[in-house]
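This is what each chain is made of:
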Amino acid sequence: MIDVRRGADRYPGGEPEAGITTRHAFSFGPHYDPDNLRLGPLTACNEEHLAAGAGFAEHRHSDTELLTWVVSGELSHRDAQGRATLVRPGDLQHLGAGSGVHHVERNDGAGPLVFLQLWLAARAPALTPRYTVVRALSRAYEVPEAGALLRVARPDPGGTLPLPAAPYGYAHVVRGEAELRSGDAAGERLAAGDSVRVRAGADVRGAVLRARTACEVLLLELADPFA
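This is a predicted model, so every value here is computed, not measured.

Cut-offs used in this document
Residues numbered from 1 in each chain as written. Predicted model: local features only at pLDDT ≥ 70, side-chain atom pairs only at ≥ 80, totals over all residues. Heavy atoms only, no water. Helix = DSSP H or I, 4+ residues; strand = E, 2+ residues; numbered from the N terminus. Rg over C-alpha atoms; globule rule 2.2 N^0.38 Å. Buried < 20%, exposed > 50% of the residue type's maximum accessible area, 1.4 Å probe, protein only. Contact = heavy atoms within 4.5 Å. Areas by Shrake-Rupley, 256 points an atom, 1.4 Å probe, with all protein chains shown as cover. Lys, Arg positive; Asp, Glu negative; His and termini not counted. Charge placed at Lys NZ, Arg CZ, Asp CG, Glu CD. Core = buried A, V, L, I, M, F, W, Y, C linked by side-chain atoms within 4.5 Å. Salt bridge = Lys/Arg side-chain N within 4 Å of Asp/Glu carboxyl O. Pairing = 2+ DSSP bridges. Axes fitted to C-alpha atoms, helices over the stretch in contact; angles between N-to-C directions.

It is worth spelling out the overall build of the chain at this point. Counting secondary structure elements, the chain contains zero helices and 21 strands. In terms of overall dimensions, the chain is globule-like: its C-alpha atoms have a radius of gyration of 17 Å, near the 17 Å expected for 227 residues. Each principal axis of the C-alpha atoms in the chain carries an extent, and together these give about 55 × 40 × 35 Å. By the burial criterion, 46% of the 227 residues in the chain qualify as buried. For the chain, contacts bridging at least 24 residues in sequence account for 75% of all contacts bridging at least 6. Summed over all atoms, the accessible surface of the chain reaches about 10,300 Å², with 52% contributed by carbon and sulfur. Charge centroids of the chain, computed over 24 positive and 28 negative side chains, lie 3 Å from each other.

Encoded structure:
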């Protein structure tokens, strides 16, 4: 019920010949896995690597809340509503697709770009797309449209973080090293790209993430989408 997933085990994707390398945490496209379709409302966690000048051509989303977290580099975002934004490390981009939105994501910088994109299924259809960028996120960020709450934590070595307490929880190590511990027992080590999934009914009392180095962790509390 508390499940560690390794970044190295993600499904490969993207277009390497075009400078795009993607690693999918959940069943995606040709990588169909009926046992790994979603975690509550979370349907995708894609780690994207874009070479300088590479990017995703205009494409469409609907009925999805997309949260984007830049690990390194700068992400250029443009959409059909005329918005053009640079998203940098520490910024959170939230695109609510509503009934449909077209956008472009590119690396217009001189160096490589790495970002995470979380896809959350909307709880109810919405008509109007919404767009928000929170600069230097330092507070809990609610996504009521999907029944989700996102936090970013940066514990010092030896610091601990409780696992997300909700019907479902997701913890992703963005950078640094951590350890999943329960009580005084030594636990599983986690490196950048690794994640912990908490499924409905799991007892998380006493379970913590302990920072082995200075690290950055994304913590998602997720409601039951079918409740």
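Picking up after the structure, the text goes on.
Counting residues in each nonpolar core, the largest one holds 27 residues, and the members touching the most others are L42, L67, L92, L120, Y170, L220 and L222. Broken down by secondary-structure element, the contributors of at least two residues to this core are strand 4 (42-50), strand 6 (64-72), strand 11 (113-121), strand 13 (141-143), strand 14 (148-153), strand 16 (168-175) and strand 21 (216-222). Broken down by element, the residue count for this core peaks at four residues, all from strand 11. Counting residues in hydrophobic clusters, the runner-up holds 17 residues, among them L163, A171, A207 and C215.

What follows concerns the pattern of salt bridges. Per the stated rule, a full pass over the model turns up 16 salt bridges. With a closest N to O distance of 2.7 Å, D3 and R5 form a salt bridge. Residue classification places R5 among the partly exposed residues on the basis of a relative accessible area of 26%. A salt bridge links R154 to E216; its shortest N-O distance comes to 2.8 Å. In this pair, R154 sits in the loop between strand 14 and strand 15 (160-162) while E216 sits in strand 21, placing the two residues 62 residues apart along the sequence. We classify R154 as partly exposed; its relative accessible area is 46%. Judged by its relative accessible area of 6%, E216 is buried. Where salt bridges share partners, they join R6, E188 and D194 into one cluster.

We now examine the sheet that holds strand 12 (residues 130-134). Taking strand neighbours across the sheet as the criterion, the seven strands line up as 2-3-4-11-6-9-12 in an open arrangement whose pairing is antiparallel. Edge positions in the open sheet fall to strand 2 (11-15) and strand 12, since each of these has one partner strand only. Strand-to-strand twist in this sheet, taken as the mean axis angle between neighbours without regard to direction, amounts to 20°. Where strand 2 meets strand 3 (residues 20-24), five bridges bridge the pair, whose relative direction is antiparallel. Residue pairing for strand 3: G13 is matched across the bridge by T22.

To continue, consider the pairing of strand 16. Burial of strand 16 is extensive: seven of the eight residues sit out of reach of the surface. As defined by bridge partners, strand 16 adjoins strand 21 across seven bridges and the pair is classed as antiparallel. Along strand 21, the bridge assignment pairs H172 with L218. Relative to strand 19 (residues 195-198), strand 16 runs antiparallel, the two sharing four bridges. Looking at strand 19, one finds that G169 is bridged to V198.

This paragraph deals with the environment of G90. Checked against the element boundaries, G90 lands in the loop between strand 8 (84-87) and strand 9 (92-96). Along the chain, G90 and V70 lie 20 residues apart, while their C-alpha atoms are 6.9 Å from each other. Other than its neighbours up to four places away in sequence, G90 contacts W69, V70, V134, R135, A136, L137 and R154.

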